[in-house]
Amino acid sequence: MRIDLVCLILLLLLHTGVSAQQAVLKKRLNFKAEDQRLEDVLLDLAEAGGFSFAYNPDLLPVDSLISLNQENSSVKSLLNQLLGRELEYKISGNLLVILKTKYSGSQNSGTLAGKKNYTIDGYLRNAYTGEYVGNTTVYDIAGLRSTTTDSKGYFSLEIPVKEEVIAIGVASNKFEETAVVLLNKDQNLNIPVIPSKGISNSTGSGIGEGAAMVNSLKVVQLFSSDQGLARSGNLFVRNYRFAQASFVPFVGTNLKMSGSVENSLSLNVLAGYNGASNGLEFGGLININRFYSQGAQIAGIGNVVGTETNGIQLAGIFNTNFGTVKGLQIAGINNLVLDSLRGVQFSGINNVITGRTDGIQVAGINNLARNDLDGIQVAGVSNVTLREVNKLQLAGVVNFGADITGVQLAGVMNSSYGQVRGWQLAGVMNIAVDTLHGTQFTSLVNFAKHNSGVQLGLVNIGLSATGTSIGLLNLFWRGYNKVELFAHEVLPMNARIKFGTRKFYNSVGFGTRGFASNNVWGYSYGVGTVIPAGKKQNDLNIDLSVTDLQNDDTWAETMNLNVRLGAFYSFRIHRRLMIYGGPVWSHFIYDRDNVAEEPFIEDIAPYEMYKTRFGDHVVQGWVGFEVGVRLW
């Protein structure tokens with residue numbers, strides 16, 4: 001059952017490769033010709049199909065009259081009706097090269113006894129200037145034998161005598177694609193080539209950045225010859241072969257033309273250098289595709305692709321892609337994508353994407369996305385996104401991003417140098433260099449330049465806040481920062497600092513009954529909130545505070561707690577000065593066993609509304625007051 005399933009998948013992948021390469025022949029057209037010359041019919045068919053023909057008019061009855069009327073027929077079907085089913089052709093880029101038809105027959109009578117090859121040589125010249133054209137690839141389209149013109153434009157090719165009709169192709173990144181179809185025999189040619197439109201004869205590359213970058217990699221140069229790389233530098237993917245096998249680059253069935261060939265099944269014993277794969281590719285060490293990969297690539301060390309990857313890449317060490325990736329990448333150490341990813345990356349150490357990420361990155365150590373992350377990053381140590389995080393970053397140590405609209409979850413720290421509209425959840429610290437609109441939660445420190453959302457942490461820090469910050473300490477430079485001098489029924493002299501936001505602030509203070517010996521004093525911590533009251537910027541403060549009361553002579557290790565919940569109405573009498581006052585629900589909690597050693601305890605409560613015991617502790621309750629002034 002499993003074997004059948006695997007076979008089915010392989011067949012589907014291979015079928016996909018064949019279909020992609022034979023797209024020209026599978027185009028369906030409505031085509032009509034009535035008493036037209038065959039040559040004119042072929043021109044009309046090429047124009048309708050969006051491709052070009054290359055053929056030898058001496059091998060076809062070009063002046064014969066043709067009548068044809070077909071609807072929704074494939075190009076291949078139309079050619080069969082025009083030229084016969086014995087049609088032999090090759091597709092090179094956008095050229096459909098006709099090598100043999102029912103009219104061709106055996107016309108090559110020049111075979112010499114014992115001769116194995118014919119020599120096709122000649123010169124390439126610029127069709128406009130007449131200048132010789134050097135450093136240009138000349139190749140046999142059918143057999144993939146190739147050479148490169150020298151500085152004087154000269155080339156020489158050896159073609160086996162068994163091939164009756166051959167097609168000589170010319171490929172350069174500076175000239176238009178050219179093909180010549182002729183009888184196979186010793187002959188000298190002068191081939192004119194037309195400069196490519198809009199590309200400088202001296203500097204134009206035309207092949208594409210990704211393909212050029214593939215050739216520049218050290219690992220590619222290690223496995224490839226300089227001659228092979230130079231020859232491939234002139235070529236796009238122009239040829240298709242169902243299968244190829246190579247030992248190392250340019251030592252295989254596609255010869256030195258491998259950089260221009262697309263294969264459906266590719267086997268690279270050690271390493272392979274091909275134009276593209278459209279099916280399955282296996283490499284003992286490394287697979288190198290100058291252009292695209294569609295289907296699956298599996299390599300012991302690495303896969304390298306110049307433009308686009310659609311499918312699966314599996315490598316023991318690395319996958320490197322200079323274009324887009326749509327699919328799955330799995331590597332032992334590193335996955336690199338210089339454009340965008342729509343899919344999943346798994347690596348033992350790190351993943352890097354320079355374009356947009358629409359998918360998932362999972363790495364043992366680090367993930368880097370240099371553009372927007374509309375997906376998920378999971379890393380053992382760190383995740384870095386240099387632009388917007390739309391979904392999730394999950395890291396064992398730290399997450400870093402620009403604008404956060406999703407969730408950052410880290411064992412130690414989350415950092416955003418933009419705005420946070422989502423969530424930051426960290427074990428130690430969250431940072432929002434710009435505005436926090438969402439939520440920060442940590443066990444220690446939250447920082448946001450401006451908080452208009454929610455912070456929950458031991459310490460919350462920022463420049464300003466209109467949101468809610470809840471913690472032991474809330475410190476905002478332009479927050480709710482006040483100094484209060486006040487009195488209440490327990491301690492008549494008190495000073496307190498409040499800091500935080502109007503929605504939630506903290507306070508620390510000190511109070512005393514005087515400065516004589518054996519004096520009662522206390523230090524306090526509290527929290528509170530501000531409710532606007534009235535039209536003159538008056539406020540209603542709700543404060544909850546706890547004061548540890550001690551005596552100069554009997555300062556005990558145990559705490560004697562005065563818990564106070566008050567509601568204070570504040571009157572503004574100046575921009576930086578308010579007076580306030582209000583009732584307090586007050587409790588005093590102490591250990592009854594300490595009364596003998598700390599007699600001042602019995603003098604704390606001014607009166608009792610109730611008194612109760614909880615184990616060893618006594619609780620007294622009463623309603624008191626607080627009045628004072630508030631500065632700044």
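All values derive from a computational prediction rather than experimental measurement. (Residues numbered from 1 in each chain as written. Predicted model: local features only at pLDDT ≥ 70, side-chain atom pairs only at ≥ 80, totals over all residues. Heavy atoms only, no water.)

Enquirer: For helix α4 (residues 75-83), give the residues involved together with the corresponding values.
Expert: Here α4 has its buried residues at Val75, Leu78, Leu79, Asn80, Leu82 and Leu83. Among the structural elements, α2 (23-26), β1 (28-37), α3 (38-49), β2 (52-54), β3 (65-74) and β5 (95-100) are those in contact with the buried residues of α4. The positive-phi residue at the C-terminal boundary of α4 is Gly84, with phi of around 95 degrees. (Buried < 20%, exposed > 50% of the residue type's maximum accessible area, 1.4 Å probe, protein only. Helix = DSSP H or I, 4+ residues; strand = E, 2+ residues; numbered from the N terminus. Contact = heavy atoms within 4.5 Å.)

Enquirer: Explain the environment of Ser246 to me, using residue names and the numbers behind them.
Expert: Here Ser246 lies in strand β13 (residues 239-248). C-alpha separation for the pair Ser246 and Leu270, spaced 24 residues apart in sequence, amounts to 7.9 Å. The contacts of Ser246, once residues within four sequence positions are left out, are Val251, Gly252, Leu267, Asn268, Val269, Ala271 and Gly272. A polar contact is formed between the side chain of Ser246 and the side chain of Asn268, at a distance of 2.8 Å. (Polar contact = N/O pair within 3.5 Å; in protein donor to acceptor, adjacent residues only side chain to side chain.)

Enquirer: An account of the environment of Asn562 is requested, with residue identities and associated values reported.
Expert: Note on placement: Asn562 falls in strand β48 (residues 561-574). Residues Asn562 and His587, 25 residues apart in the sequence, show an inter-C-alpha distance of 5.6 Å. Apart from the residues lying within four places of it in its own chain, the contact partners of Asn562 are Val490, Ser545, Val546, Thr547, Leu549, Ser586, His587, Phe588 and Trp622. A polar contact is formed between the side chain of Asn562 and the side chain of Arg564, at a distance of 3.3 Å.

Enquirer: Explain α3 residue by residue, including any values.
Expert: A turn of α-helix holds 3.6 residues, and therefore any two residues three or four places apart point the same way. Between its first and last C-alpha, α3 extends 16 Å over twelve residues, near the 16 Å set by a 1.5 Å rise per residue. Leu38, Val41, Leu42, Leu45, Ala46 and Gly49 are the residues of α3 that are buried. One side of α3 carries all its buried residues, which in axial view fall inside an arc of 135 degrees. Set apart from the buried face of α3 by more than 90 degrees, the exposed residues are Leu43 and Glu47. (Expected span 1.5 Å × (residues − 1). Arc of directions from axis to C-beta.)

Enquirer: Go over the side chain of Asn560, please, and point to the residues and values.
Expert: Positionally, Asn560 belongs in the loop between β47 (538-551) and β48. Of the residues examined, Asn560 reaches a relative accessible area of 0% and is grouped as buried. Of note is the side chain of Asn560, whose polar atom sits 2.9 Å from the side chain of Glu598.

Enquirer: Tell me about the sheet that holds β5, and name the residues and values.
Expert: Taken together, three strands build an open sheet; the order of strands is β2-β5-β4 and the sheet is mixed. Whereas interior strands pair on both sides, the edge strands pair on one side only; in this sheet they are β2 and β4 (88-92). Averaged over all pairs of adjacent strands, the angle between their axes in this sheet comes to 25 degrees, without regard to strand direction. Direction of pairing for β4 relative to β5: antiparallel, over a ladder of five bridges. If you follow Ser92 over to β5, its bridge partner there is Leu95. (Pairing = 2+ DSSP bridges. Axes fitted to C-alpha atoms, helices over the stretch in contact; angles between N-to-C directions.)

Enquirer: Run through the pairing of strand β50 (residues 610-614), naming residues and quoting values.
Expert: As defined by bridge partners, β50 adjoins strand β51 (residues 617-631) across five bridges and the pair is classed as antiparallel. Counterpart to Lys611 in the pairing with β51 is Gln620. The antiparallel pairing of β50 with β51 creates a hairpin that spans two residues between the two strands, and Gly615 there sits at a positive phi of about 65 degrees.

Enquirer: Please provide a residue-by-residue account of a nonpolar patch on the surface, values included.
Expert: Together, Phe247, Val251, Leu267, Val269, Leu270, Phe282, Ile298, Ile312, Leu314, Ile330 and Phe346 make up an exposed nonpolar region whose accessible area comes to about 850 Å². Along the polypeptide, Val269 turns up in the loop between β15 (261-268) and β16 (271-274). (Patch = residues over 30% accessible without salt bridge, like charges linked within 9 Å, V, L, I, M, F, W, Y side chains within 5 Å. Areas by Shrake-Rupley, 256 points an atom, 1.4 Å probe, with all protein chains shown as cover. Salt bridge = Lys/Arg side-chain N within 4 Å of Asp/Glu carboxyl O.)

Enquirer: Kindly report on the pattern of salt bridges, identifying the contributing residues and their values.
Expert: In total, this model carries 17 salt bridges according to the counting rule given. Note that Asp358 and Arg356 form a salt bridge whose closest N and O atoms lie 3.1 Å from each other. According to the relative accessible area criterion, Arg356 is partly exposed, its value standing at 30%. Residues Asp543 and Lys498 are paired through a salt bridge, measuring 2.7 Å at the closest nitrogen-oxygen approach. Taken together, the residues Asp543 in strand β47 and Lys498 in strand β44 (residues 493-500) connect sequence positions 45 residues apart. Considered together, Asp543 and Lys498 belong to a single accessibility category, that of buried residues. Within this structure, Arg356, Asp358, Asp372, Asp374, Arg387 and Lys391 form a network of salt bridges that share partners.

Honestly, it's all geometry; don't read function into it.
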